[in-house]
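Here is what each chain is made of, one letter per residue.
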Amino acid sequence: MDTKDSQEFLLWAAGFLKPWFASDLAWSNDLIGKLGSNALPLALAHVGATVRNGFSTPEDYLALLEEQQTRETQADPSQDLQRLAFEVAIAQIRKQKDQPSKDAHKLLNAFVFFPNRHMSLETATKAIITSRTIGGEQRRRYHKRYPTSKLIRRNGKAYNTSQSTSRRQSSDSVALSRVHWAIMELLDISAVIYHPSSGTYSMEAVLKSWIADSLGQSEREVWKNLAGMIAPQKASKESL
């Protein structure tokens, strides 16, 4: 896209309505100048999504991007500016700290290593359930290695751990609607794409690469194994 096309796409993605003011065009020009004249539409979509969803005002976004750049370049001086737009969007979801946001982060990792191009909502639900199961097994291994008292204290009162555990929600009770909200979080920031014809979701290869690079080796192994566990065992709409 040329600069004009990029400006129009960014303003549309950010939810600006026509007619655009001179200040709107100046804002989009500043952002494109920061990301580079060859900025990918995907990067512009991430900028727009962050503004459109109210995670940042247009006026504050540039400072938010620069703050993320400072944080990222301390670890990797060669950080891709276009990747930063995605990191900013993800960071805003992380700040919410609610259940859909937590599930959204799990799904991001699951998408990266999922062997098929498309993922159904049912498989996404299976990914969340399986991740909770794996997390529970890891905690059990930890407590087996480092035994603790059978009594735990909360607000000065003692409870038997077996009784407390029985009150926890079973991982199998994760509702399809809960995963739906997590998927909506990812759609809102253009992290995944919805395919109406098959009712499935997919992720751009470049995003998978960025997310994989951000994970440690042990995390990659965990999510790679999980992806293999949730993958359909026979041909389905997800393998198309």
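Remember, predicted model here, so these are calculated numbers, not experimental data.

> Explain helix α9 (residues 176-188) to me, please; I cannot follow it from the model alone.
Given 3.6 residues per turn, any residue in an α-helix points the same way as the ones three and four places further on. Helix length check: α9 (13 residues) gives 18 Å between terminal C-alpha atoms against 18 Å at 1.5 Å per residue, within 8%. The set of residues buried in α9 consists of R178, V179, A182, I183, E185 and L186. Looking down the long axis of α9, one finds its buried residues gathered within 150° of arc, a one-sided arrangement. Backbone geometry just after α9 places S190 at a positive phi near 60°.

> In this structure, what is going on with unusual backbone geometry? I would like to understand it.
The phi angle of most residues is negative, glycine excepted, and most peptide bonds adopt the trans form. With omega at 0°, the peptide bond leading from K18 into P19 counts as cis. A positive phi angle is found at K97, which is not glycine, with a value near 55°. Locating K97 in the fold gives a position in the loop between α5 (81-96) and α6 (99-113). One non-glycine residue, S190, adopts positive backbone phi at about 60°. For S190, a relative accessible area of 23% gives the class partly exposed.

> Looking at this structure, how should I read the sheet that holds strand β4 (residues 193-195)?
By definition, the strands of a sheet pair up through backbone hydrogen bonds, in either a parallel or an antiparallel sense. The strand order across the open sheet formed by 3 strands is β1-β5-β4, and the pairing between neighbours is antiparallel. Two strands close off the open sheet at either side, each with one partner strand: β1 (119-120) and β4. Taken together, the 3 bridges between β4 and strand β5 (residues 200-202) define a ladder with antiparallel strand orientation. Looking across to β5, one finds that I193 is bridged to S202.

> How should the nonpolar core be read in this particular structure?
Here is a general trend for soluble globular proteins: nonpolar side chains tend to be buried in one another's company. Judged by nonpolar contacts, the single largest core of 35 residues is most densely connected at L107, F111 and L186. Elements supplying a minimum of two residues to this core: α3 (41-52), α5, α6, α7 (121-145), α9, α10 (205-214) and α11 (217-230). The dominant element in this core, judged by the number of residues it contributes, is α6, at 6 residues. Not counting residues within four places of it along the chain, the set of residues in contact with L107 comprises A124, A127, I128, V179, A182, I183 and L186. Counting 18 residues, the second-largest nonpolar core is a separate cluster that includes L35, Y61, L65 and V88.

> Can you walk me through the confidence of the model for the protein chain in this structure?
In low-pLDDT segments, the atomic positions of the prediction should not be examined closely. Averaged over all residues, the pLDDT of the protein chain equals 80, while 76% of them reach at least 70. When pLDDT is averaged over each helix and strand of the protein chain, the minimum, 37, is found for strand β2 (residues 151-154) and the maximum, 96, for β5.

> Could you clarify how one ought to interpret the side chain of D103 in this entry?
One can find D103 in helix α6. Excluding residues within four positions of it along the chain, D103 makes contact with I128, R178 and A182.

> Please clarify how the pattern of salt bridges should be interpreted in this entry.
Two side chains bearing opposite charge may form a pair once their charged atoms approach each other closely. In total, this model carries 3 salt bridges according to the counting rule given. Residue E67 pairs with R71 through a salt bridge whose shortest N-O separation is 2.9 Å. Placement of the pair is E67 and R71 together in helix α4 (residues 58-75), with a separation of 4 residues, close to one helical turn. Measuring nitrogen to oxygen at the nearest pair gives 2.5 Å for the salt bridge that ties D103 to R178. Taken together, the positions of D103 in helix α6 and R178 in helix α9 put the pair 75 residues apart, joining distant regions of the chain.

Procedures and definitions
For every chain, the first residue of its written sequence is number 1, and the numbers climb from 1 along that sequence. In keeping with the predicted nature of the model, local features appear solely for residues at pLDDT of at least 70, side-chain atom pairs appear and are counted solely at 80 or more, and the whole-chain, interface and lining totals rest on all residues. No hydrogens and no water enter the side-chain calculation; it runs on all heavy atoms of the structure. By the criteria applied, helices consist of DSSP H or I runs no shorter than four residues and strands consist of E runs no shorter than two, each listed in order from the N terminus. Expected span, for any helix, means 1.5 Å times one less than how many residues it has. Relative accessibility under 20% of the residue-type maximum defines a buried residue, over 50% an exposed one, and the middle range a partly exposed one, all with a 1.4 Å probe and only protein chains included. Note that the arc is computed from the directions linking the helix axis to the C-beta atoms. Two strands form a pair only when DSSP identifies at least two bridges running between them. The set of buried Ala, Val, Leu, Ile, Met, Phe, Trp, Tyr and Cys residues whose side-chain atoms join them within 4.5 Å is what this entry labels a nonpolar core. When checking whether two residues touch, look at their non-hydrogen atoms; a contact exists if any pair is within 4.5 Å. Within a predicted model, pLDDT stands for the predictor's per-residue confidence, ranging from 0 to 100. Just to be clear on terms, a salt bridge is a Lys or Arg side-chain nitrogen sitting within 4 Å of an Asp or Glu carboxyl oxygen.

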